[in-house]
Amino acid sequence: MSKYSREDICRIIEEEDVQFIRLQFTDMFGTLKNLAVTVNQLDRVLDNKVTFDGASIEGFARIERSDLCLHPDLDTFLIFPWRPQNGKVARFICDIFYADGTPFGGDPRYILKNVIAEADEMGYHLEAGPECEFFLFHSDDEGRPTTITHEQAGYFDIAPIDLGENARRDMILTMEDMGYVVESSHHEAAPAQHEIDLRYDEALPSADGIMTFRLAVKTVAKRHGLHASFMPKPVAGVNGSGMHINMSLTKDGKNVFYDGKDPIHLSQEGRWFIGGLLSHIRAVTAVTNPIVNSYKRLVPGFEAPVHVAWSAKNRIPLIRIPIMGNGTKRIELRSPDNAANPYLAFAVCMAAGLDGIRRQVMPPESVDENLHALTAEDLKAKGVERLPVTLLEAIEALEEDTFICGVLGEHVTKRYIKAKKEEWEAYQSSVSQWELDRYLARI
């Protein structure tokens with residue numbers, strides 16, 4: 001059931017003195033975009049009459065069919081608490097359509113909706129929850145971001161050691177002002193690193209929440225004179241930042257992954273879901289870890305997963321099955337990072353799991369030992385593979401996985417692969433500071 005009607009929106013906008021409306025959407029690469037209109041254009045907004053030139057958005061429409069329409073999802077309406085209280089600013093998250101009413105295949109939100117519809121046809125209800133990590137760094141005198149921090153706090157430390165505690169508190173209060181529920185927050189393992197966890201929700205609102213969260217965190221950080229970075233590995237030698245994705249299915253109001261008779265309380269369907277996810281994980285990684293820097297995080301020694309394995313008894317493997325209360329069970333994928341487009345990341349992860357259920361794919365045996373302590377021979381004997389070690393390797397795996405390409409659709413697959421290969425080539429042709437430090441004086 002919808003949260004807001006057209007009449008509700010009109011009434012709230014008038015009562016709250018809203019003067020500007022931002023129509024937001026997310027591009028293929030996970031960048032939040034927006035078109036702003038005044039409240040005088042509200043009828044056009046609600047009648048789906050606001051258009052934009054999709055040819056100007058990288059990876060979007062062709063020039064010959066570039067006129068796209070923004071259809072606001074009324075349930076995403078909220079008022080930004082950080083904007084002026086007189087002449088407030090509100091937003092809608094929008095779906096994207098062609099002028100003839102056909103859904104635009106390059107809209108990441110549409111791709112996730114397709115997977116949700118597929119789950120509905122199978123009788124399942126998709127739920128997800130992110131664990132978002134980020135760094136708070138200083139900006140320089142001209143307002144440009146740096147990787148400088150004056151704090152040395154570690155995991156679960158508090159103020160005064162945790163110098164970002166006040167900023168983190170304001171981020172949480174801001175999210176709650178906008179109607180989101182924050183379950184927990186804490187300082188993470190690296191200096192200046194933080195984590196804020198949003199409440200578990202249906203897949204689409206959860207993805208919307210991630211995009212809203214990133215905007216709120218960056219906005220509040222700037223007000224504290226800080227720069228919030230979701231870059232996976234901004235600082236060498238310390239832990240990188242991830243976006244663990246927790247997933248579950250419900251059917252007739254019951255958690256499908258839970259089986260009280262199983263030793264680890266994991267159902268057969270839960271195992272099939274893991275099997276499907278693992279069978280497609282190399283291609284999935286191209287979406288959940290989408291930039292060159294993502295693979296600087298996925299290295300041994302910094303808690304991020306490296307090997308394709310699962311376990312209910314330790315926190316190291318790629319997939320973890322957390323201990324939970326009676327009647328509930330979720331699957332935690334630990335590899336994704338915040339460079340990912342959350343709509344596409346949710347879509348490929350959940351579609352892979354559903355494919356496992358459909359094909360009844362059994363996962364390999366769980367690996368409950370410390371993977372970091374196992375030798376290469378031990379891992380080979382257990383059949384444990386490595387995640388892709390570079391963006392190029394992940395993109396090549398995506399090209400070979402026709403199922404995941406089908407989830408993304410032809411429009412996104414073609415443009416995404418082309419863009420990411422160009423990104424890799426640009427990286428390969430660049431000269432890093434590491435190379436200069438290592439070779440310039442010696443050779």
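Since we're looking at a predicted model, the values are computed, not measured.

The rules behind these values
Residues numbered from 1 in each chain as written. Predicted model: local features only at pLDDT ≥ 70, side-chain atom pairs only at ≥ 80, totals over all residues. Heavy atoms only, no water. Helix = DSSP H or I, 4+ residues; strand = E, 2+ residues; numbered from the N terminus. Rg over C-alpha atoms; globule rule 2.2 N^0.38 Å. Contact = heavy atoms within 4.5 Å. Areas by Shrake-Rupley, 256 points an atom, 1.4 Å probe, with all protein chains shown as cover. Lys, Arg positive; Asp, Glu negative; His and termini not counted. Charge placed at Lys NZ, Arg CZ, Asp CG, Glu CD. Axes fitted to C-alpha atoms, helices over the stretch in contact; angles between N-to-C directions. Parallel < 35°, antiparallel > 145°, perpendicular 65-115°, else oblique. Left-handed = near helix turned anticlockwise from the far one by under 90°. Disulfide = S-S within 2.5 Å. Buried < 20%, exposed > 50% of the residue type's maximum accessible area, 1.4 Å probe, protein only. Expected span 1.5 Å × (residues − 1). Polar contact = N/O pair within 3.5 Å; in protein donor to acceptor, adjacent residues only side chain to side chain. Nonpolar A, V, L, I, M, F, W, Y, C, P; charged D, E, K, R; others polar. Phe/Tyr/Trp six-rings, centres within 6.5 Å; stacked < 30°, edge-to-face > 60°. Patch = residues over 30% accessible without salt bridge, like charges linked within 9 Å, V, L, I, M, F, W, Y side chains within 5 Å. Salt bridge = Lys/Arg side-chain N within 4 Å of Asp/Glu carboxyl O. Pairing = 2+ DSSP bridges.

Caption draft 1: Region of the structure containing the overall build of the protein chain. For the protein chain, the helix and strand inventory stands at 13 helices and 17 strands. Taken over the C-alpha trace, the protein chain has a radius of gyration of 22 Å; the compact-globule value for 443 residues is 22 Å, and the two agree within 12%. For the protein chain, contacts bridging at least 24 residues in sequence account for 71% of all contacts bridging at least 6. On the protein chain, roughly 20400 Å² of surface is accessible, and the fraction owed to carbon and sulfur atoms is 50%. Placing the 48 positive and 66 negative side-chain charges of the protein chain at their respective mean positions leaves the two points 1 Å apart.

Caption draft 2: Structural context of the packing of helix α11 (residues 391-400) against helix α12 (residues 402-429). In contact at an axis separation of 9 Å, α11 and α12 are set at 150 degrees when each is read in the N-to-C sense. By the criterion of interaxial angle, the relationship of α11 to α12 is roughly antiparallel. As for the relative orientation of α11 and α12, their crossing is left-handed in sense. Taking contact as the criterion, the partners of L391, L392, I395, L398, E399 and E400 in α11 are, on α12, T402, I404, C405, L408, Y416, I417, K420, K421, E423 and W424.

Caption draft 3: The state of the cysteines, seen in detail. Per the counting criterion, the structure on display carries zero disulfides. As a non-bridged cysteine, C10 has C94 as the owner of its nearest cysteine sulfur, 15 Å distant. For C10, a relative accessible area of 29% puts it in the partly exposed group. The structure places no disulfide on C405, whose sulfur is separated from the nearest cysteine sulfur, that of C349, by 15 Å.

Caption draft 4: Examining helix α9 (residues 342-359) more closely. Its 18 residues place the ends of α9 25 Å apart at the C-alpha level, agreeing with the 26 Å of an ideal helix rising 1.5 Å per residue. Counted residue by residue, α9 has 16 buried out of 18 residues, so it is predominantly covered. One side-chain oxygen at the N-terminal end of α9 lies 3.0 Å from the backbone nitrogen of Y343; it belongs to N341. Taken from the residues just after α9, Q360 is the one with a positive phi, measuring 55 degrees.

Caption draft 5: Structural context of α12. The end-to-end C-alpha distance of α12 is 30 Å, clearly below the 40 Å that 28 residues give at a rise of 1.5 Å each. Residues of α12 that are buried: I404, C405, V407, L408, H411, V412, T413, Y416, I417, A419, K420 and W424. Summarising the contacts, the buried residues of α12 are in contact with α3 (108-121), α7 (281-288), α9 and α11.

Caption draft 6: Fine view of the packing of α3 against helix α5 (residues 203-223). Running from N to C, α3 and α5 point in directions that differ by 155 degrees, and their axes come no closer than 10 Å. If you check the angle between α3 and α5, you find them roughly antiparallel. Judged by the sense of rotation from one axis to the other, the crossing of α3 with α5 is right-handed. Contact residues: α3 offers R109, L112, K113 and I116, while α5 offers A203, L204, A207 and D208. Residue composition of the contact of α3 with α5, by class: five nonpolar, no polar and three charged.

Caption draft 7: Spotlight on the packing of aromatic side chains. Counting across every chain of the model gives 14 aromatic pairs. Judged by centre distance (5.6 Å) and plane angle (85 degrees), the rings of Y98 and F104 are edge-to-face. There is no split in this pair, since Y98 and F104 are both buried. For the pair F134 and F213, a centre-to-centre distance of 6.2 Å together with 65 degrees between the ring planes defines the contact as edge-to-face. Residue F134 is found in strand β6 (residues 125-138), and its partner F213 is found in helix α5; the two are separated by 79 residues along the sequence. F213 carries the same exposure label as F134, and that label is buried. Ring pairing ties together the aromatic residues Y4, F77 and F92, which thus form one cluster.

Caption draft 8: Expanded view of a nonpolar patch on the surface. Taken together, the side chains of V431, L436 and L440 define a hydrophobic patch exposed on the protein surface, amounting to about 300 Å² of accessible area. Along the chain, L440 turns up in the segment after α13 (433-439).

Caption draft 9: Looking closely at the sheet that holds strand β1 (residues 18-26). Overall, mixed pairing links the five strands, which are arranged β2-β1-β5-β4-β3 in an open sheet. Here the strands that pair on one side only, and so sit at the sheet edges, are β2 (32-38) and β3 (51-53). Averaged over all neighbouring strand pairs, the angle between strand axes comes to 40 degrees, with direction disregarded. Bridge analysis of β1 against β2 gives seven bridges, and the strand direction is antiparallel. The partner of L23 across the bridge, within β2, is L35. Taken strand by strand, α5 contacts β1, β2, β4 (67-79) and β5 (88-98), and its axis lies near 135 degrees from that of β5.

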